[in-house]
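Commentary on secondary and tertiary structure
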Amino acid sequence: MQIKFNDKINQIIKNLALEAQRFGVKIYFVGGLVRDVLMGKTPLDIDILVEGNAIDFVKSLDFVEIKSIHKDFGTVKTEISGVNIDFASTRIEEYPKSGCLPHVTKIGCDIKDDLIRRDFTINAIAARILPSLDYEIIDIFNGCNDISKGVLKVLHKNSYIDDPTRILRGLDFKLRFNFNFSPEDEKLIQSYLKNPDREGLSKDRVILTLNKLFSSNERAMSAISEFSSCCYYKILFDEFLFNKENLENAIKLFDIKDIGRVCLKYILEAPPVEIKFKSRLEIYKYFKNFSDVDLCVYYLKTNDKNTLIYFNELKNVVLNIKGLDLLNLGFRQGKIIGDILDKVLEAKLIKSTNIVTFEDEINFVKETFKL
Ligand code: CTP
């Protein structure tokens, strides 16, 4: 395998391979980096797997700046000549409960035992780094073949039970690379979704995975459609009320660019308690700190047209006068100041009034309130 790094990175990798030889450990690229290179893409992050203890290896290198160490996982973040490189130790993991974060039972295991803890065959290919900058492929699960066929396959039948977020990761790879789950994987997923075990589920991991799934605005609509139609929401809850037409309509109405963010909030946020607004001022004050994404999600969850009134008519209304201007006019300090400001704002929020500028507001105050 060939990896097209620039000269600087090639030199760093070469040095690391020589040092690994001296230290007596093997080092590898693995996971997304190898998958992406095999698919003809340029790798973005550089992660190195050490068959042994990465912390000990990194500490033996004098040209490396250690940024942080995570002892429990045997991982180290570093910077080498201005390049960020993360190191991980080979490790064995166990899932005591479905969906929980795994427990590390051994650090510094054989490469094969590290590969087997991974999600898909396409992510379980290792490339041993040699000082010659040749890369020796270790593909015990036939991941290369699955890449060429565009197939997503887990490594063992309990994989989705151990970590149901792999279903969402699979959906992400499916949409990103135009891959498909193998028929056996489809069965394993449907079997898990019939009887999902949410007791030990790591919500953080689910949210992290959903964030990644919805990080692309182009794929967000397909992702949420499949999330609903394939019942992937059952990883999190029993029901998900999804209406694609409503979603597309709301995205248009609120002119949303960050579609992924709306989809994510649509999935994760509970419907808000509906409010009976009595005036435009109440609507204005309630939605004042809402972003357009928040407004859109509120509208989707409540169908409350007041969000549209706010978005189209009230959002850009601002009061030019301040309390100090009222004091300068001769009004006394106290509750009256806030009341007058509210009245001016209320008048501005009515479509038919022509109060726009600072002078309009001052004139309105003079005409309406006695000193
Ligand atoms: N992994 C896993 N199960 C998870 C998350 C990650 O087995 N729930 C493993 C996979 O082998 C994966 C590697 O950890 O390749 C790194 O994960 P991550 O950085 O999240 O994804 P990448 O596969 O590198 O893909 P990308 O960053 O391109 O999405």
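Residues numbered from 1 in each chain as written. Predicted model: local features only at pLDDT ≥ 70, side-chain atom pairs only at ≥ 80, totals over all residues. Heavy atoms only, no water.

Let's talk about the environment of Leu329
Note that Leu329 resides in helix 16 (residues 323–329). Residues Leu329 and Thr42 lie 287 residues apart in sequence; the distance between their C-alpha atoms is 66 Å. Excluding residues that lie within four positions of it along the chain, Leu329 makes contacts with Ile362, Val365, Lys366 and Leu371. (Helix = DSSP H or I, 4+ residues; strand = E, 2+ residues; numbered from the N terminus. Contact = heavy atoms within 4.5 Å.)

Quick word on the state of the cysteines
By the definition in use, this model includes zero disulfides. Cys296 supplies the cysteine sulfur nearest to Cys263, a cysteine that is in no disulfide, at a spacing of 9.0 Å. Under the relative-accessibility criterion, Cys263 is labelled buried at 0%. Look at Cys296 and you get buried, because its relative accessible area is 0%. (Disulfide = S-S within 2.5 Å. Buried < 20%, exposed > 50% of the residue type's maximum accessible area, 1.4 Å probe, protein only.)

Looking at the nonpolar core
Ranked by size, the top nonpolar core spans 95 residues in total, and within it Ile13, Phe29, Ile48, Phe87 and Phe214 carry the most contacts. Here the element with the most residues in this core is helix 14 (residues 292–302); it accounts for seven residues. Viewed by domain, this core spans two of them, domain 1 (7–149) and domain 2 (159–314), each represented by three or more residues. Discounting chain neighbours no more than four positions away, the residues touching Ile48 are Ile13, Leu16, Ile27, Tyr28, Phe29, Ile85, Asp86, Phe87, Ala88 and Ile129. The next biggest cluster of nonpolar side chains, apart from the first, holds 12 residues, and it includes Ile321, Ile355, Ile362 and Phe364. (Core = buried A, V, L, I, M, F, W, Y, C linked by side-chain atoms within 4.5 Å. Domains from an automatic or database assignment.)

Some points on helix 12 (residues 259–268)
Counting buried residues along helix 12, eight of its 10 residues qualify, which places the element largely inside the surrounding structure. Here the buried face of helix 12 lies against helix 9 (203–213), helix 10 (217–229), helix 11 (244–253) and helix 14.

A look at the packing of aromatic side chains
One pass over the full model with this rule turns up 26 aromatic pairs. Here the aromatic cluster, defined as three or more aromatic residues joined through ring pairs, consists of Phe277, Tyr284, Tyr286, Phe287, Phe290, Tyr298 and Tyr310. (Phe/Tyr/Trp six-rings, centres within 6.5 Å; stacked < 30°, edge-to-face > 60°.)

Description of the site of the ligand
If you check the shell around the ligand, you find 14 residues, and the closest are Arg35, Asp119, Asp163, Arg176 and Lys212. A distance of 2.7 Å separates a nitrogen atom of the ligand from a polar atom in the side chain of Asp163. Computed on the free molecule, the ligand has an accessible area of 570 Å², of which 72% lies beneath the protein chains in the complex. For the shell around the ligand, the secondary structure elements donating two or more residues are helix 2 (32–38), helix 7 (165–177) and helix 9. Sort the elements by how many residues they give to the shell around the ligand and helix 7 lands first, with four residues. A domain split of the shell around the ligand shows at least three residues from each of domain 1 (7–149) and domain 2 (159–314). (Near = heavy atom within 4 Å. Polar contact = N/O pair within 3.5 Å; in protein donor to acceptor, adjacent residues only side chain to side chain. Areas by Shrake-Rupley, 256 points an atom, 1.4 Å probe, with all protein chains shown as cover.)

Some thoughts on the environment of Asn123
Within the secondary structure layout, Asn123 lies in the loop between helix 4 (111–115) and strand 8 (126–129). By relative accessible area, Asn123 is classed as buried at 3%. Residues Asn123 and Asp36, spaced 87 residues apart in sequence, show a C-alpha to C-alpha distance of 9.4 Å. Those residues in contact with Asn123 that lie beyond four places of it in its chain are Gly31, Gly32, Arg35, Arg118, Arg169 and Phe173. For Asn123, the side chain forms a polar contact with the side chain of Arg35, separated by 2.8 Å.

Regarding unusual backbone geometry
In this model, Leu133 sits at a positive phi of 65 degrees, which is unusual for a non-glycine residue. Structurally, Leu133 can be placed in the loop between strand 8 and strand 9 (135–138). Even without a glycine there, the phi angle at Cys231 is positive, about 65 degrees. Tracing the chain through its elements places Cys231 in the loop between helix 10 and helix 11. A relative accessible area of 23% means that Cys231 is categorised as partly exposed.

Quick look at the side chain of Ser228
Checked against the element boundaries, Ser228 lands in helix 10. Aside from chain neighbours lying at most four places away, what touches Ser228 is Tyr233, Phe240 and Phe242.

Some points on the sheet that holds strand 9
Overall, mixed pairing links the seven strands, which are arranged 3-4-5-2-1-8-9 in an open sheet. On the outer flanks of this sheet lie strand 3 (65–70) and strand 9, each paired with one strand and no other. Looking at each pair of strands side by side, their axes are set apart by 30 degrees on average, direction ignored. Alignment of strand 1 (residues 26–30) against strand 2 (residues 46–51), held across three bridges, turns out to be antiparallel. Note on strand 2: the bridge partner recorded for Tyr28 is Leu49. (Pairing = 2+ DSSP bridges. Axes fitted to C-alpha atoms, helices over the stretch in contact; angles between N-to-C directions.)

Some details on the domain arrangement of the chain
Here the chain is described as being made up of domain 1 (7–149), domain 2 (159–314) and domain 3 (323–368). A straight line from the C-alpha centre of domain 2 to that of domain 3 covers 42 Å. Counting residues at the interface gives seven residues for domain 2, matched by six residues for domain 3. Roughly 610 Å² of surface becomes buried between domain 2 and domain 3 when both sides are summed, with 66% attributable to carbon and sulfur atoms. Ranking the residues of domain 2 by area buried against domain 3 places Arg280, Leu281 and Tyr284 at the top, with a combined share of 65%. Taken together, the connections running from domain 2 to domain 3 amount to one salt bridge. Between Asp342 and Lys285 there is a salt bridge, and its shortest N-O distance comes to 2.9 Å. Seen at the junction of domain 2 and domain 3, the total is two residue pairs in polar contact (both at pLDDT 80 or more). Grouping the constituent residues of the side of domain 2 that touches domain 3 by class yields three nonpolar, one polar and three charged. (Buried area = accessible area lost by both parts, 1.4 Å probe. Salt bridge = Lys/Arg side-chain N within 4 Å of Asp/Glu carboxyl O. Nonpolar A, V, L, I, M, F, W, Y, C, P; charged D, E, K, R; others polar.)

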